[in-house]
Structure formats: C-alpha cells, structure tokens
Amino acid sequence: QVHLVESGGGLVQAGGSLRLSCADSGRTFSEYAMGWFRQAPGKERDFVARITWSGGNKYYADSAKGRFTISRDNAKSTVYLQMNSLKPEDTAVYYCAASQINSGFDDRPATYDYWGQGTQVTVSS
C-alpha cells in the first residue's frame, strides 16, 4: 500500500523558490513512477513532472521546463519538486501521485494509482 503525504507548500513572492516533498509511509515506493500535478481553482488537474522508479528518466510540462526539477530518494521513500523562478500562474494545489506504469512518459491523471492530499502553493506578484 502507498500512502503519500506532501509538504513544503506556502506563500512566496514571484521569482522565489519552494521545494515540495512527498513522502510515502509504505514499503514499495521504489516500485512506482512518481508524478507531480497541480490544480488551480476552477481548472483541471494538470501534469507538472514525472520521474521513473530509478530516477533515470524525468519528464516535464512545458510550463515547468527550465524552472522545476523533480528528483527522488528511494532510501527515504520521498520525491521532491524544486520550483524556482515562481510565477503567479504557478499558484495551485500541488499533488504527488504514484503510478504502477513505471516506464516512459505519462501525463494522464487517470493512470496514477495513489494520490497525496495536496499542498497549497501561492505565488504573489
């Protein structure tokens, strides 16, 4: 079983940085690809980034490329999202998710099996 808990959200000024963490209390973290998604009020849940089980492959939404970095530490059962040069349009609830589809690119929320509760990120202008 996978149980994901996000942390690290908050209020930051435009141009600032935040590092989100997502920890799994289960024992099978390394078997899953991990993704980050975000959802702004009144909008759909959008893909942000994905990392395969070994960390060898990483994928980003166009909006995240060059500013965000996804990483994982399987020994700590944790995935991270380092967000730099934040913009007001990055404001959203950020969710981590685990997928049993471990290879390749997949930005479809429906293919992720487990989700965290979300953490709010607010970027002020």
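Before any of the text, the structure's been laid out above.
Being a predicted model, the structure only gives us computed values, none of them experimental. (Residues numbered from 1 in each chain as written. Predicted model: local features only at pLDDT ≥ 70, side-chain atom pairs only at ≥ 80, totals over all residues. Heavy atoms only, no water.)

1. Observations concerning the nonpolar core
Argument step 1. Of all hydrophobic cores here, the largest spans 26 residues; its most connected members are Met34, Trp36, Val79, Leu81, Met83 and Tyr94.
Argument step 2. Secondary structure elements with two or more residues in this core: strand 3 (18-24), strand 4 (33-39), strand 5 (45-51), strand 7 (68-73), strand 8 (78-83), strand 9 (92-99) and strand 11 (119-124).
Argument step 3. It is strand 9 that provides the largest number of residues to this core, a total of four residues.
Argument step 4. Among all residues touching Leu81, those that are not within four sequence positions of it are Leu18, Arg19, Leu20, Trp36, Val48, Ala49, Phe68, Thr69, Ile70 and Tyr94. (Core = buried A, V, L, I, M, F, W, Y, C linked by side-chain atoms within 4.5 Å. Buried < 20%, exposed > 50% of the residue type's maximum accessible area, 1.4 Å probe, protein only. Helix = DSSP H or I, 4+ residues; strand = E, 2+ residues; numbered from the N terminus. Contact = heavy atoms within 4.5 Å.)

2. Observations concerning the pairing of strand 11
Argument step 1. Because side chains alternate across strand 11, one face comprises the buried residues Thr119, Val121 and Val123, and the other comprises Gln120, Thr122 and Ser124, none of which is buried.
Argument step 2. In this sheet, strand 11 lies alongside strand 9 in antiparallel orientation, the contact comprising three bridges. The residue bridging Tyr94 from the neighbouring strand is Thr119, located in strand 11. (Pairing = 2+ DSSP bridges.)

3. Side note on the state of the cysteines
Argument step 1. The tally for this structure, following the rule as stated, stands at one disulfide.
Argument step 2. Here Cys22 engages in a disulfide with Cys96; their sulfurs sit 1.9 Å apart. As the torsion about the S-S bond is roughly 55°, the Cys22-Cys96 disulfide counts as right-handed. Here the residue Cys22 occupies a position in strand 3, and Cys96 occupies one in strand 9, the gap between them amounting to 74 residues. When sorted by exposure, Cys22 lands in the same class as Cys96, which is buried. (Disulfide = S-S within 2.5 Å.)

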